[in-house]
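Next come the chains, spelled out residue by residue.
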Amino acid sequence: MDRFVFFGGKGGVGKTTVSSAYAHKCAGAGLDTLLVSTDPAHSTADVFDQSFDDDPTPVDGYDSLEVMEIDPEEAVDEHLMGIKRQLGDQVSPAIVNEIDRQIELAHQTPGAHEAALFDRFIDVMRESDHDRVVFDTSPTGGTLRLLSLPEYLGGWIDRLLSKREASVDLYEKSAIGGREPRRTAVGDPIIARLRERKENFEFAGRTLREEATFYLVANPDELSIRETRRSVASLAERDLPVAGLVVNRLTPEPESHEEGRGARFLRDRVATERERVRELEETFDPPVVATIETRVAEVKGDLLDEVARELDIAVDLPA
Ligand SMILES: Nc1ncnc2c1ncn2[C@@H]1O[C@H](COP(=O)(O)OP(=O)(O)OP(=O)(O)O)[C@@H](O)[C@H]1O
Ligand SMILES: [Mg+2]
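Calculation criteria
Residues numbered from 1 in each chain as written. Chains lettered and ligands numbered in written order. Predicted model: local features only at pLDDT ≥ 70, side-chain atom pairs only at ≥ 80, totals over all residues. Heavy atoms only, no water. UniProt positions renumbered as here; feature names shortened; annotations may be inferred. Core = buried A, V, L, I, M, F, W, Y, C linked by side-chain atoms within 4.5 Å. Buried < 20%, exposed > 50% of the residue type's maximum accessible area, 1.4 Å probe, protein only. Helix = DSSP H or I, 4+ residues; strand = E, 2+ residues; numbered from the N terminus. Contact = heavy atoms within 4.5 Å. Pairing = 2+ DSSP bridges. Salt bridge = Lys/Arg side-chain N within 4 Å of Asp/Glu carboxyl O. 1 Å grid on protein atoms, 1.4 Å probe; cavity = no way out; pocket = protein on both sides within 12 Å on 5 of 7 lines; lining within 4 Å. Points joined across faces, edges and corners; volume = space filled by probe spheres on them. Nonpolar A, V, L, I, M, F, W, Y, C, P; charged D, E, K, R; others polar.

In the annotation of an unreviewed UniProt entry, the entry for the protein reads ArsA family ATPase, and the organism field reads Halorarum halophilum. Heading Sequence similarities (unreviewed entry) of the UniProt record for the protein holds this comment: "Belongs to the arsA ATPase family."

Given below as structure tokens:
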């Protein structure tokens, strides 16, 4: 099993629950484990009855388990402030106001959250020294688009770089007329910044391909299965195969002697869901690695233990 493990899936299917259970399982096996949550609703706080922030914090009552919550809103702020600082150093004061306005707008762009979160993911992948890092990914389809950012941005930055190099070159030639340039592309701060971004995304692409494993969480209903199909395909497009599917929220079957409307409803429901699980098993390449029943209450405490045991997902480290 790779060092970085991601659990994707549609909103509300149980990503936080499953990634918390898996992180707990890894920690229980003695691995120094970090669970990274991106949920603005702080659901990891609910799972562990403890509040977390941006710094990895040990979870009370669990050995070798730490949690960090990345607030997407804050991540966007930091991300945009960083850009603002960098640009502010490079441009004339007259343009700074315009930059402020553009940054305000960028805040509202769809994808700003995902872009900022992805930046934070890259930081975590670079900086963490844990044996295992479990990512409870954001519920939007944007997460998947982000996984392709390394390629898109790489190409985009390459084109920008060559334009910028050409313009620095021209600027110098026109300013000094054929003598040795004073300003070269080599020491140019904007080019340095672009190179840094590019290198960052190359690192991310490489790390995701070579050191990360992806699981998808689904519910046994058509909508969720359709979404899973799309996710498997778009991950595969980026050379990121899905290692397995976790089916969460299966209806428990009533005992055979139980009769009445409730029992009949549950039996029908169970039959429909079995059909959906069969569909997942037969029409998907990645295997179903766990089927988790709906519990009567939120999954935390002892229930988290139970769910962790139901996950047929290895915890061993890469050799
Ligand atoms: N098997 C289960 N039995 C009972 N409750 C469950 C189960 N799985 C998840 N839940 C509950 O359903 C709610 C949503 O689950 P969870 O937070 O894990 O989903 P999510 O995919 O992370 O959602 P989001 O997309 O909003 O981040 C939570 O309250 C959780 O406790
Ligand atoms: Mg969640």
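(A) Summary view of the nonpolar core. In terms of nonpolar packing, the biggest core is built from 39 residues, with Phe6, Val36, Phe135 and Leu208 touching the most fellow members. Take this core: its biggest share by element is eight residues, from helix H5 (residues 112-127). Residues contacting Val36, with those up to four places away along its chain left out, are Met68, Ile70, Phe121, Val124, Val133, Val134, Phe135 and Asp136. If you look at the next biggest cluster of nonpolar residues, it comprises 34 residues, including Cys26, Leu31, Val299 and Val307.

(B) Spatial organisation of the sheet that holds strand S5 (residues 132-136). Pairing is mixed in the open sheet, where eight strands are placed in the order S3-S4-S2-S5-S1-S6-S7-S8. Each edge of the open sheet carries a strand with a single partner, namely strand S3 (57-58) and strand S8 (288-293). Where strand S1 (residues 4-8) meets strand S6 (residues 212-218), five bridges bridge the pair, whose relative direction is parallel. Residue pairing across strands places Phe6 opposite Phe214, the latter belonging to S6.

(C) Quick peek at the pattern of salt bridges. Going through the model one piece at a time under the given rule, you end up with 13 salt bridges. The residue Asp123 makes a salt bridge to Arg120 at a minimum N-O spacing of 3.4 Å. Of this pair, Asp123 and Arg120 both sit in helix H5, separated by three residues, roughly a single helical turn. Overall, the relative accessible area of 13% leaves Arg120 in the buried class. Ionic pairing is found between Glu222 and Arg276, a salt bridge with its closest N-O pair at 3.9 Å. Taken together, the residues Glu222 in helix H9 (residues 222-237) and Arg276 in helix H10 (residues 261-283) connect sequence positions 54 residues apart. Residue Glu222 is classed as partly exposed on the basis of its relative accessible area of 47%. In the salt-bridge network here, residues are joined through shared partners; they are Asp54, Arg120 and Asp123.

(D) Just the layout of surface pockets, in detail. Looking at the second largest pocket, its volume works out to about 520 Å³. Considering the residues around the second largest pocket, the lining is formed by 26 residues, among which Gly12, Gly14, Thr16, Thr17 and Arg249 are closest to the centre. The set of elements that each furnish at least two residues to the lining of the second largest pocket consists of helix H1 (15-28), helix H2 (43-48), strand S7 (242-250) and S8. Partitioning the lining of the second largest pocket into residue classes produces seven nonpolar, ten polar and nine charged.

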